[in-house]
Amino acid sequence: MSDQEAVVNITVNGQPVEAAPGEWVIAAAERAGVYIPHFCYHPRMNSVGMCRMCIVDIDTGRGPALQPSCMVAVSEGMVVDTTTEQTRKAQDGVLEFLLLNHPLDCPVCDKGGECPLQDQTMAYGPGESRFVEEKRHFEKPIPVNDVVYLDRERCILCDRCTRFADEVAGDPLITFQGRGDQTQVNTFPDLPFASYFSGNTVQICPVGALTAVPYRFKARPWDLTEVESTFPNPMGDRVVVQASRDQVLRYQGVDSDAVNWGWLTDKDRFSFEGMASELRLRTPLVRGTPLGRPDPQGSELVEASWHQALTLAAEAIKAAVDGKGPQSVAVLGGARLTNEDQYAWARLAKGVIGTDHVDAQLDDGLPAHVVLGLPRATVNRACTPGGTVILLAPDPKEEQGTLYLRLRHAVLNDGVQLIELTPRASGLSRLAAFRLHHRPGEAAAVAAALVGGDIESGPDGDIGGVPAADVAAAAAAIANRADKPITVILGRPSLAESAGFTVDAIAELMGFANLLSAGGRPGMAFLPALHRGNALGALDMGLAPGLLPGRTTLADGGPALAESWGSVPSAPGADARGILQAAADGRIDVLILLGADPLGDFPSRELADEALKNAGTIVASDLFVNPSSAIAHVVFPAAGFAERRGTHTNLEGRITSQRQIVTPPGTARADWAIATELARLLGADFGFGTPEEVWEEIARVAPSHRDLSLAAIDAEADGVVAGDSSVAFSLPEAPTSLPPVDSYSLRLVSARRMYDRGTLVQNASSLAGLAPTAALSVNPYDFSRVGVETGADVKVISNMGEMDVPVVADPGVPRGTAAFGYNYPDLDVRDLLDPDAVVTDLRIQTR
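What comes next concerns the included structure. Remember, it's a predicted structure, so these values are computed and weren't measured experimentally. (Residues numbered from 1 in each chain as written. Predicted model: local features only at pLDDT ≥ 70, side-chain atom pairs only at ≥ 80, totals over all residues. Heavy atoms only, no water.)

**Quick word on the packing of helix 9 (residues 339–353) against helix 23 (residues 691–701)**
Contact geometry of helix 9 with helix 23 gives a least axis separation of 9 Å together with a crossing angle of 70 degrees. Considered as vectors, helix 9 and helix 23 are oriented roughly perpendicular to each other. Crossing of helix 9 against helix 23: the hand is left-handed. Here Asn 339, Glu 340, Tyr 343 and Arg 347 of helix 9 lie close against helix 23, whose contacting residues are Pro 691, Val 694, Trp 695, Glu 697, Ile 698 and Val 701. Class assignment for the residues of the contact of helix 9 with helix 23 results in six nonpolar, one polar and three charged. (Axes fitted to C-alpha atoms, helices over the stretch in contact; angles between N-to-C directions. Helix = DSSP H or I, 4+ residues; strand = E, 2+ residues; numbered from the N terminus. Parallel < 35°, antiparallel > 145°, perpendicular 65-115°, else oblique. Left-handed = near helix turned anticlockwise from the far one by under 90°. Contact = heavy atoms within 4.5 Å. Nonpolar A, V, L, I, M, F, W, Y, C, P; charged D, E, K, R; others polar.)

**Remarks on the pattern of salt bridges**
Inspection of every chain in the model, using the stated rule, returns 45 salt bridges. When the shortest N-O distance is used, the salt bridge between Lys 397 and Asp 171 registers 3.1 Å. Separated by 226 residues along the polypeptide, Lys 397 in helix 12 (residues 396–399) and Asp 171 in the loop between helix 4 (160–168) and strand 8 (174–177) bring together distant segments of the chain. When sorted by exposure, Lys 397 lands in the same class as Asp 171, which is buried. Among the salt bridges present, the one from Lys 613 reaches Asp 609, with a minimum N-O distance of 3.2 Å. (Salt bridge = Lys/Arg side-chain N within 4 Å of Asp/Glu carboxyl O. Buried < 20%, exposed > 50% of the residue type's maximum accessible area, 1.4 Å probe, protein only.)

**Looking at the packing of aromatic side chains**
Ring pairs (aromatic) are described by centroid distance and by the angle formed between their planes. Inspection of every chain in the model, using the stated rule, returns 13 aromatic pairs. Centre to centre, the rings of Tyr 196 and Phe 197 are 6.5 Å apart; their planes meet at 65 degrees, and the pair counts as edge-to-face. In this structure, Tyr 196 and Phe 197 share a single accessibility class: buried. An aromatic cluster is built from Tyr 196, Phe 197, Tyr 404 and Tyr 755, whose rings are joined through pairwise contacts. A cation sits over an aromatic face here: Arg 250 above Tyr 215, 4.2 Å from the ring centre. (Phe/Tyr/Trp six-rings, centres within 6.5 Å; stacked < 30°, edge-to-face > 60°. Lys NZ or Arg CZ within 6 Å of the ring centre and 35° of its normal.)

**Quick look at helix 21 (residues 605–614)**
Of the residues making up helix 21, those classed as buried are Leu 607, Ala 608, Ala 611 and Leu 612. Buried residues in helix 21, looked at end-on, bunch into an arc of 125 degrees, giving them a common side. Within helix 21, the exposed residues directed more than 90 degrees away from the buried face are Glu 606 and Lys 613. Residues of helix 21 that are buried sit in contact with helix 19 (576–584), strand 27 (590–594), helix 20 (598–601) and strand 28 (617–622). (Arc of directions from axis to C-beta.)

**Some thoughts on the nonpolar core**
In this structure, Leu 436 and Phe 636 are the most contacted members of the largest nonpolar core, which totals 104 residues. Setting aside anything within four residues of it in sequence, one finds Phe 636 in contact with Leu 281, Trp 306, Ala 309, Leu 310, Ala 313, Val 619, Ala 620, Ser 621, Asp 622, Ile 674 and Leu 678. Counting 92 residues, the second-largest nonpolar core is a separate cluster that includes Tyr 215, Val 248, Ala 638 and Leu 767. (Core = buried A, V, L, I, M, F, W, Y, C linked by side-chain atoms within 4.5 Å.)

**Here's the deal with empty space enclosed by the protein**
In total, this model carries six cavities of 30 Å³ or more according to the counting rule given. The volume enclosed by the largest cavity comes to roughly 210 Å³. Lining the largest cavity are 18 residues, with Val 202, Ala 212, Tyr 215, Arg 250 and Gln 252 positioned closest to its centre. Of all the secondary-structure elements, those providing two or more residues to the lining of the largest cavity are helix 5 (199–204), strand 10 (210–212) and strand 13 (247–253). With four residues, the top contributor of residues to the lining of the largest cavity is strand 13. Taken together, 15 residues form the lining of the second largest cavity, with Cys 155, Cys 158, Cys 161, Cys 205 and Ala 209 sitting closest to its centre. Here the lining of the second largest cavity is composed, by residue class, of twelve nonpolar, one polar and two charged. (1 Å grid on protein atoms, 1.4 Å probe; cavity = no way out; pocket = protein on both sides within 12 Å on 5 of 7 lines; lining within 4 Å. Points joined across faces, edges and corners; volume = space filled by probe spheres on them.)

**A few points about the side chain of Ser 657**
Mapping Ser 657 onto the fold places it in strand 31 (residues 654–658). A relative accessible area of 7% places Ser 657 in the buried class. Looking at Ser 657, its side chain comes within polar contact range of the side chain of Asp 714, at 2.5 Å. (Polar contact = N/O pair within 3.5 Å; in protein donor to acceptor, adjacent residues only side chain to side chain.)

**Looking at the pairing of strand 33 (residues 746–749)**
Looking at chain direction, strand 33 and strand 38 (residues 841–846) are connected through two bridges and run antiparallel. Bridging from a neighbouring strand, Leu 746 pairs with Leu 842 of strand 38. Bridge count between strand 33 and strand 37 (residues 817–820): three bridges; the pairing is parallel. Its bridge partner lying in strand 37, Arg 747 is registered against Thr 817. (Pairing = 2+ DSSP bridges.)

**Overview of the environment of Asp 826**
Position of Asp 826 relative to the elements: it lies in the loop between strand 37 and strand 38. C-alpha separation for the pair Asp 826 and His 38, spaced 788 residues apart in sequence, amounts to 47 Å. Every residue in contact with Asp 826, bar those within four places of it in the chain, is listed here: Thr 773 and Ala 774. Engagement of the side chain of Asp 826 in a polar contact is seen with the backbone nitrogen of Ala 774, the distance being 3.1 Å.

**Points about the sheet that holds strand 13**
In a beta sheet, neighbouring strands are held together by backbone hydrogen bonds and run either parallel or antiparallel to one another. The strand order across the open sheet formed by three strands is 11-12-13, and the pairing between neighbours is antiparallel. Of all strands in the sheet, those with a lone pairing partner are strand 11 (225–230) and strand 13, marking the two edges. Averaged over all adjacent pairs, the angle separating strand axes in this sheet is 30 degrees, with direction ignored. The pairing of strand 11 with strand 12 (residues 238–244) spans six bridges and is antiparallel. Following the sheet pairing, Glu 228 is matched in strand 12 by Val 240.

Below, the structure written as structure tokens:
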């Protein structure tokens, strides 16, 4: 600690230690290499001193006394001794009391072998118990939800799980009940521990009281091998992947200070079940006989060798290029791959085939110039004490769970001011300083007023459906904190409206950002909250129209890259919607799908269906057979997470390593290897034999990754944030035009939920049943206006279709708006979405 004013000097076991003001003794001692045993203390939660195991001798100048080190802050000249006889006796006594009612079932307990209670009893506890009476008994185990079981006999009442649920997750659904020796942890009657983050309580439980259903009785810690890796989600959560007998059995969160702090969502934690599904692709598939050409006339997919499948795909690509030119080949998807996979496919598409019809996003993200052209924030910047966060994105609790946890902590503990600029309430709404829930398509008007524009209200005294007084108050609050960082969490708040409305709002905010920068203040930066796992890496690697690897454009980086690749496209290609429209029109002879399922995921199902029917040859690389790959002509089995090596780029641009621990199923291969072999069959030799060789080329040719070695990435505990972008944010030529509101209609908002009908969720047995059934949410004010009652089944009609759905009251939905989740397992909102309209209006009829 170089700043002497921020140092408190203490002595721990005779050694001088420098501590930070306000730091707990237990934390300062641990940094100095002195471990103090504990159960209830956790560095990411408030201290409560429940277990008393961390009692040590502390002398603050009045003489030594036994005190809990997790509840005493350091002070100048403090002397701490963890080795005195009275300390040892106190710790011995605490353990004896904890073991009075604890069952001696270590041989059948999932925590056995990694249990802090076991370890500390051996190191600090009595050799035997003096307690001979009957221990207390509870029914066990009991499910607190679908993925977590509770054994109350093992619980030592450390308060970790209850504090996590309340303080960290904001879901206080598990708590202490009873009194005396009958005190227990449990859920409320008929109310399960319905949290997206319940699996974290299993990981932090210091005994075997909470166990994860997917891991129960599967392995012992000494049976497991493990590697530290990066989970392929937008946050790039750091995890430990544990496996036994070539099968992944568990993901555990790693405390990365820059990213996830050790937390994971249940969706990510238990998704390994999906990766181990019997439905995984194991061999290549081709349509028709394996020795013949693909048969587009509807024959079945049959197993083939890799040579046969690669040859058929290469011949189809070559025929398309020779017949109609490179523009007759297009690539969709790739946002869930590693950076190395993405680079290899980008080089194949743009450097070998010559097409720029490439898009990793399926019309559910933001334009590349928006994501790469704005000043980039980090999660830690967004959580700067006293700063301001503007949420212009979908609900982080539903789409980026660990980002939600970080933001929640920042608001509650660090004084961060949260302003919601969204079309409906989010999981953070209760903590937001200002909730500016606007009507669909009217974010730009609110944003303009928010950052200093004229606050002109409509006839109802509102701006975009938000009371003008609320907007004015929020604008004043932003101005009052302009000396602190302002971070905009940026995404697509609703898939039922055009991305142009979000871009218009960004343009308004950018004007204010430029003023702040000119004034020498911290300014405004943007954190892109895109949906797909490695979408930022896909953009960095050039899997987008008009882009090349290294965050550069065809015009700026093309000449230099052509020296390495041989050639690059001369003009930008089409995005996902343009690609599917071209396929629907019969202009795409080969459509390559990289883990993409347009039939199941693209906002316009009608366009996706028409495109895949009219595409000449469809080549898919995927983990599973999904609705789109089921009608492909060639299907490659791809290696997934923990089955391949590579790197990942999170929403900050932070690059971290992904490591392999198990072999892919069957003959599945990593995508970089598939792309490299296809290039060889098309006459280009990439020279890649390992993913490390792919990265070496990335570091050589990509400007933003220049000279960034894998060794340098691994040397940093939290990875490395990539360099700046040469892509410039371009203002829209004109604001997106918004049609007038029909007084008889409700304007639709649609966003994703944590659990849906996604392929990986539905193939994970513990997660598949967690997806909610569909319901239309409407503001209570609109119930009387529309003439329906909550819970009733209604007919919802748009100009694209109609469906019967139950309707529920939700005050978090603005008046005149209806909210319907995207990708429900039972009803599909795409039956209502108008792909040619900037917003979708609904009418409700009673049945």
